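Observations on the model geometry
Below are the chains, spelled out letter by letter.
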Amino acid sequence: MQLAGRMSRLGTETAFEVLARARALEAQGKNVVHLEIGEPDFDTPAHVIDAGVEALRTGFTHYGPSPGIPQLREAIAEHVARTRKIDCRPANVVVTPGGKPVMFFAMLALVDEGDEVLYPNPGFPIYESMIRFCGGKAVPVPLRESRQFSVDVEEIASLLTDRTRLLILNSPQNPTGGVMPKEDVAALVEVLRKWPNVAVLSDEIYSDILYEGEHHSVLQHEGMSERTILLDGFSKTYAMTGWRLGYGVMPEAFAAQIARLQTNSTSCTATFTQMAGVAALRGDHGAVRAMIEAFRQRRDAIVDGLNAVPGFRCLRPKGAFYVFPNVEGTGIPAKDLQSRLLEEAGVACLAGTAFGAHGEGYLRFSYANSLENIHEALSRIRKFVG
Ligand code: PLP
């Protein structure tokens, strides 16, 4: 079959390819420690599973409204109003199958051929993929170790042009764990005031996985809710990656446009899954707190362990469940180190370049794995680098 031209512009998530290779090695009898995939290793909290099962038994097995069922839109609006201290109504919310479709829908709705979109690099690879797929020009905003992997607001100011349609932000960040400080969020909002036609896609999917301080969002600033699309969801906070449940919060008129895209693609998000989401937001958060505390211990273990490896240098990230060590001191290019660690040492991780050109010289480890496995991986890495 002859593929459409746009397919050549579509990227991918290398994590899934590395996972497939790791599984193939395991099938040959090799032991692999998995530090490549970005999903909590915890189970979905029991009361959330119960709510999903109960919903299946009580008739939530039909199509639902494209923007989401009223119960969940209401719960999300309350949650966002409370956590971001803004006015948020159900009409601002569109529920999607995972957070990812919010990226795709937002770009399909906003980006015309040749429009410029600023995105973090290294960053979640789907941003660049979707920008290019939609015909936009992907303009990287470099994230640097010297700034604790937070964006440089002056650099963003220098990259904005009359063609800029969208700025993508992500804090806490994948792949670096970097967090945007409050002062930088405020300074960025001031810069954006000079560019009223630039929309913002604020990917806050890791906002609950934070080890110090409070989460800060552009949305909290005067006037920003009129041009911001907040992306958030249940995958990470509630260990619900496979349920496929996320959402966007945006101006009401824009939400209606995004709902049209949903009608044209998925029709709606599975309704029993949405009922589980209501239970997640409204129910007990003890399991979430315990998970975050476990992540904090693992972060400390992996950061200390990696800093003891010759040629590795690793910051202690404030959020998400990733570390992004600098490995230039090993003298091995990141991509080669990724494949040698997998094939020769049995440790699956990702080269920084899987997240864009500015990731050269770094590796990403997801520490969503047990302390025991993290210690095993560290000892394998030490032996390999030797
Ligand atoms: N945004 C970021 C930064 C992510 O890392 C991920 C998942 O890895 C997503 C969005 C997508 O999450 P979901 O599984 O809810 O689609």
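Residues numbered from 1 in each chain as written. Predicted model: local features only at pLDDT ≥ 70, side-chain atom pairs only at ≥ 80, totals over all residues. Heavy atoms only, no water.

**As for the overall build of the protein**
For the protein, the count of helices and strands is twelve helices and twelve strands. For 386 residues, the compact-globule estimate of 2.2 N^0.38 gives 21 Å, and the protein sits close to it at 21 Å. Projected onto its principal axes, the C-alpha coordinates of the protein cover approximately 60 × 55 × 55 Å. In the protein, which comprises 386 residues, the share counted as buried stands at 56%. Sequence-distant contacts, at least 24 apart, represent 75% of the contacts inside the protein between residues at least 6 apart. Accessible surface computed for the protein: about 16,300 Å², of which carbon and sulfur atoms make up 51%. (Helix = DSSP H or I, 4+ residues; strand = E, 2+ residues; numbered from the N terminus. Rg over C-alpha atoms; globule rule 2.2 N^0.38 Å. Buried < 20%, exposed > 50% of the residue type's maximum accessible area, 1.4 Å probe, protein only. Contact = heavy atoms within 4.5 Å. Areas by Shrake-Rupley, 256 points an atom, 1.4 Å probe, with all protein chains shown as cover.)

**Here we look at the state of the cysteines**
For the structure shown, the criterion picks out zero disulfides. Cysteine C349 shares no disulfide, and the gap to the nearest cysteine sulfur, in C314, comes to 12 Å. (Disulfide = S-S within 2.5 Å.)

**A look at the site of the ligand**
The immediate surroundings of the ligand are formed by 14 residues, with G99, D203, Y206, S235 and K236 found nearest. Within the side chain of N174, one N or O atom sits 2.8 Å away from an oxygen atom of the ligand. Within the side chain of Y206, an N or O atom sits 2.7 Å from an oxygen atom of the ligand. Relative to its unbound accessible surface of 390 Å², the ligand loses 94% to contact with the protein. Looking at side-chain class alone, the shell around the ligand contains five nonpolar, five polar and four charged residues. (Near = heavy atom within 4 Å. Polar contact = N/O pair within 3.5 Å; in protein donor to acceptor, adjacent residues only side chain to side chain. Nonpolar A, V, L, I, M, F, W, Y, C, P; charged D, E, K, R; others polar.)

**Considering the sheet that holds strand β12 (residues 363-366)**
If you trace the three strands from one edge of the open sheet to the other, you get β9-β12-β11, paired in antiparallel fashion. The open sheet has two edge strands with one neighbour each: β9 (322-323) and β11 (350-351). Two strands pair when backbone bridges link them, and β11 and β12 are joined in this way by two bridges, in the antiparallel orientation. Within β12, the position partnered with L350 by the bridge is R364. (Pairing = 2+ DSSP bridges.)

**Comments concerning the pairing of β12**
Burial along β12 is two-sided: the face carrying L363 and F365 and the face carrying R364 and S366 are both buried. Here β9 pairs with β12 via two bridges, running antiparallel. Counted as the bridge partner of V323 is F365 from β12.

**Focus on the domain arrangement of the protein**
Each assigned domain of the protein is listed here: domain 1 (5-43 + 286-385) and domain 2 (62-282). With 40 residues of domain 1 in contact, the opposing surface of domain 2 contributes 36 residues. Taking both partners together, domain 1 and domain 2 bury about 3,200 Å²; carbon and sulfur atoms supply 60% of that area. Our enumeration of links across domain 1 and domain 2 arrives at two salt bridges. A salt bridge links K100 to E13; the nearest nitrogen and oxygen atoms lie 2.6 Å apart. Sorting the residues of the side of domain 1 that touches domain 2 by element identifies α10 (286-307) and β9 as the ones contributing at least two each. It is α10 that contributes the most residues to the side of domain 1 that touches domain 2, six residues altogether. Considering only residue class, the side of domain 1 that touches domain 2 consists of 21 nonpolar, nine polar and ten charged. (Domains from an automatic or database assignment. Buried area = accessible area lost by both parts, 1.4 Å probe. Salt bridge = Lys/Arg side-chain N within 4 Å of Asp/Glu carboxyl O.)

**Some points on the packing of helix α1 (residues 14-27) against helix α11 (residues 334-345)**
Between α1 and α11, whose axes approach to 10 Å, the crossing angle comes to 20°. Taken together, the axis directions place α1 and α11 in an arrangement best described as roughly parallel. As for how α1 packs across α11, the hand of that crossing is right-handed. Across from V18, R21, A22 and L25 in α1, the residues of α11 making contact are Q338, L342 and E343. A per-class count over the contact of α1 with α11 returns four nonpolar, one polar and two charged. (Axes fitted to C-alpha atoms, helices over the stretch in contact; angles between N-to-C directions. Parallel < 35°, antiparallel > 145°, perpendicular 65-115°, else oblique. Left-handed = near helix turned anticlockwise from the far one by under 90°.)

**Observations concerning the packing of helix α3 (residues 70-84) against helix α9 (residues 271-282)**
Between two packed helices, both the angle of their axes relative to each other and the distance between the axes serve to describe the pair. With their axes 9 Å apart at the nearest point, α3 and α9 run at an angle of 30° to one another. Considering their axes alone, α3 and α9 lie roughly parallel with respect to each other. When you trace α3 past α9, the crossing you get is left-handed. Facing Q71, L72, E74, A75, I76, E78 and H79 of α3, the residues of α9 in contact are Q274, M275, G277, V278, L281 and R282. Per-class residue counts for the contact of α3 with α9 are six nonpolar, four polar and three charged.

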